[in-house]
Each structure stands twice: as C-alpha cells, then as structure tokens.
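Chain by chain, the residues:
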Amino acid sequence: MRAEHLESAGQDVGRSCILVSIAGKNVMLDCGMHMGYNDDRRFPDFSYITQNGRLTDFLDCVIISHFHLDHCGALPYFSEMVGYDGPIYMTHPTKAICPILLEDYRKITVDKKGETNFFTSQMIKDCMKKVVAVHLHQTVQVDEELEIKAYYAGHVLGAAMFQIKVGCESVVYTGDYNMTPDRHLGAAWVDKCRPDLLITESTYATTIRDSKRCRERDFLKKVHETVERGGKVQGPLPHIYCSQQILNISHFFYRERMNLKAPIYFSTGLTEKANHYYKLFITWTNQKIRKTFVQRNMFEFKHIKAFDRAFADNPGPMVVFATPGMLHAGQSLQIFRKWAGNEKNMVIMPGYCVQGTVGHKILSGQRKLEMEGRQILEVKMQVEYMSFSAHADAKGIMQLIRQAEPRNVLLVHGEAKKMEFLRQKIEQEFHVSCFMPANGETTTILTNPCIPVDISLGLLKRETAIGPVPDAKKPKLMHGSLLMKDNSFRLVSPEQALKELGLAEHQLRFTCRVHIQDPRKEHETGLRVYNHLKGILKDYSVQHLPDGSITVESILIQATAHSEDQGTKVLLVSWTYQDEELGSYLTSLLKKGLPQGTP
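Quantities reported herein were computed from a predicted structural model and do not represent experimental measurements.

1. Considerations on the overall build of the protein chain
Here comes step 1: A count of helices and strands for the protein chain gives 17 helices and 30 strands.
Here comes step 2: The buried share of the protein chain, reckoned over its 599 residues, is 52%.
Here comes step 3: A separation of at least 24 residues holds for 71% of the contacts in the protein chain among residues at least 6 apart in sequence.

Here is the structure:
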C-alpha cells in the first residue's frame, strides 16, 4: 500500500491532494487549490500521478471530502484541462455547494483580476457532470474489488470521511473533521473499522482549544469594545459554515441580549445560499436544530442587514462579515484596504490562513503590506485571531485514532514542527507507526492481507471424523484441494475437485533413497528393516509383504542392491503427500542405520 502526496498534501495546509495505491487500485483523495499563489503553483502537480498515458486509465476514482477550495478548488482544472473522465465521489451537500464556490472564485480570479490559464464556467458544469453523490454509511461499489463508504465528519455541511476498501485492505481518509459538536453540526464519527492506514488532518496538531462558550464570549467582548470606542469591526469569513456560526452568535447575543446599536452587515449572496442549503440538508445538522427547525429557524437573522460596498465609507461604528476568510481577494480584501489605516478599527480572523495570503501576513505581525501595483498598505487597525475553525484539535485527533483503531497513522494538512510533536505522542500512546511525509513524498505501508477461504461441508465432516476431537483453541491442519473461481477460494476434497474440474485422478508419490551397510541379500535386509521398525513403531501398522517390501501405514519401503557396492543396500522409501510427516520421520530413522544384532 502506498500513499503519495501531490504537492501540499503533506506538511502544509492548502492544495490538498493525495494518491493512494491499495491492492492494485489507485484512488486520488481531494483535489485542492493553494490560496497563497496566483500562478500555476496554485494547482497540484498532477505529473506525480503518471507521466505516461491518460489519467483516466491510471486512476480508478477521485474522492472529494468537502467543498472548501483547498480540497476541491483544482477539480475543474484537473478534469477538464488536464483531462480525467472517471468517477468523482462526494456527498450530496458537497455536490450542491462546490460549484457555487468554484464559480465565485472564478469570477474573482478571471473576471476581476484578469488572470489566464484558469477554468471557465462551462468547465465547472462539465466537471460536476462526472460527480457521483453518495449518502452517509452507504457502501458504494466502484468496481468488482474497490468499495468506498462515507462517514460524518462535522467540520462543514456535507463534509465526510471516507473508507476505501479492496479485499481485506483498507484506508480511512478524514479530510477535515471536528470531534466537537457546535451550534449547527454534530461531532465526527467513524466505526471501529481497524483500517490498515488512517490518513488524518493535523491542522491543529499541538492545540487544545478552549471551550466554545469562552471563545464566543471573547469574540463578543472584543467586538463590543471596538464599537464602543467608535471603531469598525471586520470579520473575514472563510466559508459558508463559519459564517453561519458567527452570524448566529452576533444575532442572538448582540441584538437580543446586549442591545447593540451599531449596524451588522453581511455579504448577501452567501447568506442566502447558506440558508438555502442548511434548510435543504437539515438532516446533516445537529439534533437540536433538527428538533426546533419548524418552530425557530436558526438561519434567519432579522437584525442583520445586507451589505453594499458603499457602506464601507459610512462614518461611525459598524460590524461587517464578508468572504473570503484569508483576505486574499474579493469583498473582504476591499474592506480591509479601506479600514486598515485606522487604529480604532479591528479585524478578527476566525480561521486558519495559508502562507502567502494577506491574512497570514497580518497574523504573523506584518504591518506594511505590498499590494497590487506595488502599493504599500500600512496596517494600523487591531488584528485579533479567534479560532472558529471547525478542525479537530490535538485531543480530537487522538480521540478519532482511539475510535478507529488503525494499524498505521499518516499525518497530513499541517505544519511540520507541530506534526512531529503529534507523531511522537501517537506512537507513544497507541504503539502504532505514524508517518508525516513531506510534500511530493511517497510512503509505503506493509500490510498482511488475509484471504478468506470457504471449506466444503463434506471435507469438514471427513477431516473431523479422522483422529481425536479437535481442540477449539488449537489450529487443525486440513488437507484438501484449493479451487479459485470468480475471485473466491474454496477448499474441497480431492475427489470433489476432480469431479468439478472433469479431471482423471493421478497419484503422486515421493521417493527417498537411504543407503545402509549390509552384506546380506536384499530379502534378508528387508526382513531386518521390518523387524527393526516393528520393534520401534508400536502404534503403527507395520507389515512384511510376500515380495519382500515393507509397509508402514501407506508408506512403502523396498530394499535393493547397490549397482557398484555389494556391501551396500539402497532402501527406497515412498509416500503420498498426505503422509509427508511420517515419511520424513521414517527416512531420518533409517538413515541412522540398523542396530547390530537385528535378525
């Protein structure tokens, strides 16, 4: 089994793409885009998969874990520009939301920035035609040998972990997941499936997050303080799911409990789309929302207004939530550029930011930014980081490993130093091998495949009838013929095998030559061998036949003269494969020679 990381699937966050080879099958896991680049480096290097022939001929399928662009953003480029016509599997919510986010990002990149070598709207539509939507816990048979199964991952609406299975070998790929339930979604869950390999994200490999209530309280306090001093608050939102969380907090706490007077705005398009899909896929939300949805719609915010870009220049305090969350493009970047120069204002970063983005730069303490056209933007506004990101923390990752009980663990989607700390902790606590390959590196996992074999009832009865009653705690050696048909194995009696295959029986015997020193005639030597074995093998049937040969059970022994030395006799010991153990024992016994005085 091999796991190969195409570019940034390994020790990095962004452009997730992993190639898994399992029992002769090749599966690509996720097809993400790196938000920190504006050239070809934003896409994975698909030449890692194969440099000869079509990708469709090499890959058996592609699996997309969820709709975030760092996991699905390169999909139209991969299928329509590089060229892949095979099946692409994702859940129903992911299939619904993925093309909307792809088109939004395409508009920003191509229509507004004028970038080239990018996929078109038609390519997005053509790509989505290749998608096969799956239900949770549904076993999907990709082909006769390869099957996949989706598990609930939390994280965002529609996010799933996938089990990939070929025969008795299996891999579980987590994508991004969250082991803690929150305002909208439940906790990730997977069977105790004991896979050969668990590939898990490690975004927060060394972090143990504080409680949800503490984070919400700190968020509200910072916003309240900024508004009180007359400043503006910007909340860049990384995705639809995070926006729903923060809007929920802002709406119910600020308007209904804290009587906030400053207006709260939000990008209209994504709000409407988010509400629509949360209603459509209500079964993916947590138990509380499902129970109260009819009486109280958690996704309608009567106190939050639609944002118009002209509002950014209005005087006085306000709170604005806009996408994208890493401040690398779009409306959130436009607002940031206008408000960054005022020390009264504040930007609250609610999620992880990829290296190279504006969000990552300001979180790293950079206060002078080179923007488009080499303009320098001085950042005077306050910069705060509060994790509303729905990733598993270190405690959650350990919890999932405990739940699944894998034989090996492979860490991806994280930072090298933090991953190394977590790797040591996993190996120490669970006593399994843990890998953290670099980008573009291949990891090979050794597995012990077990091949199931059916035993015919006739053979089982016959073998049970021979000898003492078998001990259930000890293995029993059984003799039979192994038949393979339609990729399945059966152990049957030789007679049944011959009948099914229409073959004639041929008996195969093994013969060993043993030289002993004896000047007597052949028949006299044979008699001496008979008397010797008769005295030793009390529990066996030993017979001396008229032709001078000896039988011990089904084993035949004959004494012949040596062609060159008359003082040496050759004993021919012959047995069938069923009596190999007894034949070997008799051979070693006769090699010791006949004791002196044997008549």
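2. Points about the pattern of salt bridges
Here comes step 1: Tallied over the entire structure, the rule returns 22 salt bridges.
Here comes step 2: For aspartate 518, the salt bridge identified is with arginine 528, shortest N-O distance 3.2 Å. Here arginine 528 lies in helix α16 (residues 522-536) and aspartate 518 lies in the loop between β26 (509-517) and α16, a separation of ten residues in the sequence. The burial state of aspartate 518 is the same as that of arginine 528; both residues are buried.
Here comes step 3: Several salt bridges share partner residues, and in doing so they unite Arg54, Asp57, Glu80, Asp85 and Lys130 into one network.

3. Observations regarding the packing of aromatic side chains
Here comes step 1: Tallied over the entire structure, the rule returns 13 aromatic pairs.
Here comes step 2: Pairwise contacts between aromatic rings join Phe43, Phe46, Tyr77, Phe78, Tyr84, Tyr105, Phe118 and Phe119 into one cluster.
Here comes step 3: Directly above the ring of phenylalanine 43 sits arginine 42, whose terminal nitrogen or CZ lies 5.9 Å from the centroid.

4. Things to note about the packing of α16 against helix α17 (residues 580-591)
Here comes step 1: Viewed as axis vectors pointing N to C, α16 and α17 meet at an angle of 120°, and their least axial separation amounts to 12 Å. Two packed elements cross with a definite hand, and for α16 against α17 that hand is right-handed. The residues of α17 that touch α16, namely those facing Val529, Leu533 and Ile536, are Tyr585, Leu586, Leu589 and Leu590.
Here comes step 2: Considered class by class, the residues forming the contact of α16 with α17 number seven nonpolar, no polar and no charged.

5. Some thoughts on the pairing of strand β15 (residues 318-322)
Here comes step 1: Burial runs high along β15: five of the five residues are buried.
Here comes step 2: Residues Met318, Val320 and Ala322 of β15 are buried on one face, and the alternating residues Val319 and Phe321, pointing to the opposite face, are buried as well.
Here comes step 3: Two elements, strand β12 (residues 232-236) and β15, share five bridges in a ladder whose sense is parallel. Looking across to β15, one finds that glycine 235 is bridged to phenylalanine 321.

6. Details of empty space enclosed by the protein
Here comes step 1: The tally for this structure, following the rule as stated, stands at three cavities of 30 Å³ or more.
Here comes step 2: There is about 40 Å³ of room inside the largest cavity.
Here comes step 3: Considered class by class, the residues forming the lining of the largest cavity number four nonpolar, four polar and two charged.

7. Here's the deal with the pairing of strand β2 (residues 18-22)
Here comes step 1: In terms of residue burial, β2 counts as a mostly covered element, since five of its five residues are buried.
Here comes step 2: Covered by surrounding structure in β2 are Ile18, Val20 and Ile22 together with Leu19 and Ser21, the residues of both alternating faces.
Here comes step 3: Note: β2 against strand β3 (residues 25-29), five bridges, orientation antiparallel. Bridging across to β3, valine 20 finds its partner in valine 27.

8. What about a nonpolar patch on the surface?
Here comes step 1: A contiguous nonpolar patch, built from Ile451, Val453 and Leu482 and spanning about 280 Å² of accessible area, is present on the exposed surface.
Here comes step 2: Within the element layout of this structure, isoleucine 451 appears in the loop between β22 (442-444) and β23 (453-455).
Here comes step 3: Overall, the relative accessible area of 58% leaves isoleucine 451 in the exposed class.

9. Brief notes about the packing of helix α12 (residues 394-404) against helix α13 (residues 416-430)
Here comes step 1: The interhelical angle for the contact between α12 and α13, taken along N-to-C directions, is 35°, at an axis separation of 11 Å. Taken as a pair, α12 and α13 cross one another with a handedness that is right-handed. Where α12 abuts α13, its residues Ile397, Met398, Ile401 and Arg402 lie against Leu422, Lys425, Ile426, Glu429 and Phe430.
Here comes step 2: The class makeup of the residues in the contact of α12 with α13 is six nonpolar, no polar and three charged.

10. Considering the environment of glutamine 355
Here comes step 1: With respect to the element layout, glutamine 355 can be found in the loop between β16 (346-349) and α11 (358-363).
Here comes step 2: In this structure, the C-alpha to C-alpha distance between glutamine 355 and methionine 326, residues 29 residues apart in sequence, is 9.6 Å.
Here comes step 3: Other than its neighbours up to four places away in sequence, glutamine 355 contacts His34, Gly36 and His360.

11. Description of the sheet that holds strand β29 (residues 555-561)
Pairing between the strands of a sheet is mediated by backbone hydrogen bonds and can be parallel or antiparallel.
Here comes step 1: On the basis of which strands lie adjacent, the open sheet formed by five strands has the order β26-β30-β29-β28-β27 and antiparallel pairing. Both edges of this open sheet fall to β26 and β27 (542-544), since each of them pairs with a single strand only. The mean inter-strand angle of the sheet, taken between neighbouring strand axes irrespective of direction, is 20°.
Here comes step 2: α17 rests against β26, β28 (550-552), β29 and β30 (568-576) of the sheet, and its axis sits at about 170° to β30.

12. Examining the side chain of asparagine 345
Here comes step 1: The residue asparagine 345 is located in the loop between α10 (330-339) and β16 in this model.
Here comes step 2: At 2.8 Å, the side chain of asparagine 345 forms a polar contact with the backbone nitrogen of lysine 232.

13. A short note on the environment of glutamate 343
Here comes step 1: Locating glutamate 343 in the fold gives a position in the loop between α10 and β16.
Here comes step 2: On the basis of relative accessible area, glutamate 343 is assigned to the exposed category, the value being 52%.
Here comes step 3: For the pair formed by glutamate 343 and lysine 380, sequence separation is 37 residues and the distance between their alpha carbons is 4.9 Å.

14. Quick word on the sheet that holds β12
Here comes step 1: Spatial ordering of the open sheet is given by β14-β13-β15-β12-β16-β19, a layout of six strands whose pairing is parallel. Of all the strands in the sheet, the pair left with one neighbour each is β14 (305-306) and β19 (382-385).
Here comes step 2: Two strands pair when backbone bridges link them, and β16 and β19 are joined in this way by four bridges, in the parallel orientation. Residue pairing across strands places valine 347 opposite valine 383, the latter belonging to β19.
Here comes step 3: Across the sheet, α10 touches β12, β15 and β16, and the angle it forms with β12 is around 150°.

15. Focus: the nonpolar core
Here comes step 1: Phe78, Phe336 and Ile362 are the most contacted members of the largest nonpolar core, which totals 94 residues.
Here comes step 2: When residues of this core are assigned to their parent elements, the largest contribution, seven residues, is made by helix α4 (residues 92-112).

16. A short note on the state of the cysteines
Here comes step 1: Evaluation of the coordinates by the stated rule reveals zero disulfides.
Here comes step 2: The thiol of cysteine 98 is unpaired, and the distance to the nearest cysteine sulfur, on cysteine 72, comes to 3.3 Å.
Here comes step 3: Residue classification places cysteine 98 among the buried positions, given a relative accessible area of 0%.

17. Points about the side chain of glutamate 169
Here comes step 1: Along the chain, the position of glutamate 169 falls in strand β10 (residues 169-173).
Here comes step 2: For the buried residue glutamate 169, which engages in no salt bridge, the nearest side chain bearing the opposite charge is arginine 407, 9.3 Å off.
Here comes step 3: Dropping the residues within four chain positions of it, glutamate 169 is found in contact with Met1, Ile22, Ala23, Ile164, Asp196, Thr447 and Pro449.

Basis of the calculations
- Residues numbered from 1 in each chain as written.
- Predicted model: local features only at pLDDT ≥ 70, side-chain atom pairs only at ≥ 80, totals over all residues.
- Heavy atoms only, no water.
- Helix = DSSP H or I, 4+ residues; strand = E, 2+ residues; numbered from the N terminus.
- Buried < 20%, exposed > 50% of the residue type's maximum accessible area, 1.4 Å probe, protein only.
- Contact = heavy atoms within 4.5 Å.
- Salt bridge = Lys/Arg side-chain N within 4 Å of Asp/Glu carboxyl O.
- Phe/Tyr/Trp six-rings, centres within 6.5 Å; stacked < 30°, edge-to-face > 60°.
- Lys NZ or Arg CZ within 6 Å of the ring centre and 35° of its normal.
- Axes fitted to C-alpha atoms, helices over the stretch in contact; angles between N-to-C directions.
- Left-handed = near helix turned anticlockwise from the far one by under 90°.
- Nonpolar A, V, L, I, M, F, W, Y, C, P; charged D, E, K, R; others polar.
- Pairing = 2+ DSSP bridges.
- 1 Å grid on protein atoms, 1.4 Å probe; cavity = no way out; pocket = protein on both sides within 12 Å on 5 of 7 lines; lining within 4 Å.
- Points joined across faces, edges and corners; volume = space filled by probe spheres on them.
- Patch = residues over 30% accessible without salt bridge, like charges linked within 9 Å, V, L, I, M, F, W, Y side chains within 5 Å.
- Areas by Shrake-Rupley, 256 points an atom, 1.4 Å probe, with all protein chains shown as cover.
- Polar contact = N/O pair within 3.5 Å; in protein donor to acceptor, adjacent residues only side chain to side chain.
- Core = buried A, V, L, I, M, F, W, Y, C linked by side-chain atoms within 4.5 Å.
- Disulfide = S-S within 2.5 Å.
- Lys, Arg positive; Asp, Glu negative; His and termini not counted.

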